[in-house]
Amino acid sequence: MTSNAERYLPPMLADFLAFTLAGDPPAVAQARGELANGVCYTWLELGVLQLEPAAAGEAPTEASASVASVLLSAGVHGDETAPIELLSRLVADIAQGTLRLACRVLVVLGNPAAMRAAQRYVDDDLNRLFCGRHAQLAGGREKARAERLEALTAQFFAQAATLGAAARWHVDMHTAIRSSVFEQFALLPHTAAGPSRAMFDWLAFAHIAAVLLHTAKGTTYTQFTAETFGALACTLELGKVRPFGDNDLSRFTAADNAARALVAGALPPRDGAAMPRVFTVVDQITKHSDAFELLAMGADVPNFTPFAKGTMLARDGTYRYVVERDEERIVFPNPAVKPGLRAALLVIETTSETLAALGA
Ligand SMILES: [Zn+2]
């Protein structure tokens, strides 16, 4: 075999983003294989690729008892480009052997149709359609995609280890439209078990400045994996959206390094990296009618902006939202939602009690 042949990578591994944007499935003979470094790859669907270390490929049932299963997703919102580029590079580096693979990994580029259109979504917001919510829609591209991603995700975790507190992970990477008091933050889905020490250690390693704890179940991709498969799941908001190729990827280095350490099985010991500040959802502002107005803030108010007790934040006919606690911070304000939907979340800081309650 020549050195050129040894370095040959299937196009979908060399540039998974470009391959996915092109939109064609691989030839049947190229949909799965084993690389020179022993990594087994399987193309499962447009934008969905499974990678397994050598041992796992040879004896799936035995090996899956001893390695973690890590789902890495990006592009659930099609215009959130930077993390999609990071995942595509991560795939190439695993394939070339420059990044060691110690886990089973499922790489998911969430919404290729929206990625091609450079839009958040085509028909419906994909990240509101999980946990079976897609079944309530009559049709649309994202309905079909959510069904398919749920099935492939279930298949991936069905073969995963069940032992060990950190055997299953899901990191769903996004970028925000709105600026934020904390440029990079994480959202943790609501689970019966509550937040875990392993996840907080990882978020600290990723230099995530703030964590938002949901107190009600949502219909996001991470809610689905946390609730259905017991995965340690987080949604990362990593900063501002730009077109493909225009992203300053250096701003995402810490999160990228943390994702790479996770798949390489090389998470550092707890090293005193600053823990994120923690905020817990305490209320929401609901839009009731087209008369709805957000008050006391500009249209571009950053996420996590604090407001003092007594401040009126919204008005809609006879409905008022007035800050009741000493300080409440607004997250994801959006007065343009349809009447009946959430127009903002309100959070309060709960850092000390949350960190104190984490298990060992
Ligand atoms: Zn997003």
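The shown structure was predicted, so the numbers you read here are calculated from the model rather than taken from an experiment.

Notes on the overall build of the protein chain
Summing up its helical and strand segments, the protein chain has 12 helices and 16 strands in all. Against the globule reference of 21 Å for 360 residues, the protein chain gives a C-alpha radius of gyration of 21 Å, in line with a compact fold. With the principal axes as the frame, the protein chain shows a C-alpha extent of 75 × 45 × 35 Å. Put simply, the protein chain has 360 residues, and 52% of those count as buried. The contacts of the protein chain with a sequence gap of at least 6 include a subset with a gap of at least 24, amounting to 73%.

Looking at helix α8 (residues 141-158)
Between its terminal C-alpha atoms α8 stretches 26 Å, which fits the 26 Å expected from 18 residues at 1.5 Å a residue. For α8, the full list of buried residues reads Glu142, Lys143, Arg145, Ala146, Leu149, Glu150, Leu152, Thr153, Phe156 and Phe157.

Details of the coordination of the zinc ion
Protein coordination of the zinc ion is provided by His77 (ND1), Glu80 (OE), Glu80 (OE) and His174 (ND1), with donor distances spanning 2.0 to 2.3 Å. One can describe the donor arrangement at the zinc ion as irregular, given that its four donor atoms subtend angles of 58 to 143° at the metal. Here the donor residues of the zinc ion are spaced in sequence according to H-x2-E-x93-H.

Focus on the sheet that holds strand β14 (residues 319-322)
Here we have three strands laid out as an open sheet, ordered β11-β13-β14, and antiparallel in their pairing. The outermost strands of the open sheet, each flanked by one partner alone, are β11 (293-294) and β14. Bridge count between strand β13 (residues 312-316) and β14: four bridges; the pairing is antiparallel. Directly across from Met312, in β14, lies its bridge partner Val322.

Focus: the nonpolar core
Counting 60 residues, the largest nonpolar core has Leu13, Leu51, Val105, Trp202, Leu203 and Leu236 as the members making the most contacts within it. Ranked by the residues each element gives to this core, the list is headed by helix α6 (residues 81-96), at eight residues. Discounting residues that sit within four places of it in the chain, Leu13 has contacts with Leu35, Tyr41, Leu49, Leu51, Val91, Ala92 and Ala95. Formed by 20 residues, the second largest nonpolar core is a distinct cluster that contains Leu137, Ala146, Ala160 and Tyr221.

Some thoughts on unusual backbone geometry
Its identity as a non-glycine residue notwithstanding, Ala296 has a phi of 70°, on the positive side. Here Ala296 is to be found in the loop between β11 and β12 (305-308). Under the relative-accessibility criterion, Ala296 is labelled exposed at 52%. At Phe332, a position not held by glycine, the phi torsion is positive, near 55°. With respect to the element layout, Phe332 can be found in the loop between β15 (327-331) and β16 (342-349). Accessibility expressed as a relative area gives 25% for Phe332, which makes it partly exposed.

Quick notes on the packing of aromatic side chains
A complete count under the given rule lists 11 aromatic pairs for this structure. With 5.4 Å between their ring centres and 40° between their planes, Phe182 and Phe279 make a pair best called tilted. Here Phe279 lies in strand β10 (residues 277-286) and Phe182 lies in the loop between β6 (168-176) and β7 (185-188), a separation of 97 residues in the sequence. On the accessibility criterion, Phe279 (0% relative accessible area) is buried. On the basis of an interplanar angle of 75° and a centroid distance of 5.2 Å, the ring pair of Phe182 and Phe304 is categorised as edge-to-face. Highlighted residues: Phe182 in the loop between β6 and β7 and Phe304 in the loop between β11 and β12, separated in sequence by 122 residues. Since its relative accessible area comes to 9%, Phe182 is described here as buried. Within the aromatic cluster, the residues linked to one another by ring pairs are Phe130, Phe156, Phe157, Tyr221, Phe224 and Phe229.

A word on the environment of Leu72
Tracing the chain through its elements places Leu72 in strand β4 (residues 69-74). Between the alpha carbons of Leu72 and Ala259 there is a distance of 8.1 Å; along the sequence they are 187 residues apart. Look past the residues within four positions of Leu72 in its chain and what remains in contact with it is Leu87, Leu90, Val105, Leu106, Val107, Val108, Val171 and Val263.

Overview of the side chain of Glu328
Within the fold, Glu328 resides in strand β15. Overall, Glu328 belongs to the buried group, its relative accessible area being 0%. A polar contact is formed between the side chain of Glu328 and the backbone nitrogen of Glu324, at a distance of 3.0 Å. Within the structure, Glu328 has its side chain in polar contact with the side chain of Arg325 (distance 2.9 Å). Among all residues touching Glu328, those that are not within four sequence positions of it are Thr305, Pro306, Phe307, Tyr321, Val323, Leu346, Val347 and Ile348.

Remarks on the side chain of Asp125
Its place among the elements puts Asp125 in the loop between α7 (112-117) and α8. In this structure Asp125 comes out as buried when scored by relative accessible area, which is 13%. Not counting chain neighbours up to four residues away, the residues in contact with Asp125 comprise His77 and Arg120.

So, how was this worked out
- Residues numbered from 1 in each chain as written.
- Predicted model: local features only at pLDDT ≥ 70, side-chain atom pairs only at ≥ 80, totals over all residues.
- Heavy atoms only, no water.
- Helix = DSSP H or I, 4+ residues; strand = E, 2+ residues; numbered from the N terminus.
- Rg over C-alpha atoms; globule rule 2.2 N^0.38 Å.
- Buried < 20%, exposed > 50% of the residue type's maximum accessible area, 1.4 Å probe, protein only.
- Contact = heavy atoms within 4.5 Å.
- Expected span 1.5 Å × (residues − 1).
- Donors = N, O, S within 2.8 Å, 3.2 Å for Na, K, Ca; no water.
- Tetrahedral: all angles 85-135°; square planar, octahedral: opposite > 155°, others 65-115°.
- Pairing = 2+ DSSP bridges.
- Core = buried A, V, L, I, M, F, W, Y, C linked by side-chain atoms within 4.5 Å.
- Phe/Tyr/Trp six-rings, centres within 6.5 Å; stacked < 30°, edge-to-face > 60°.
- Polar contact = N/O pair within 3.5 Å; in protein donor to acceptor, adjacent residues only side chain to side chain.

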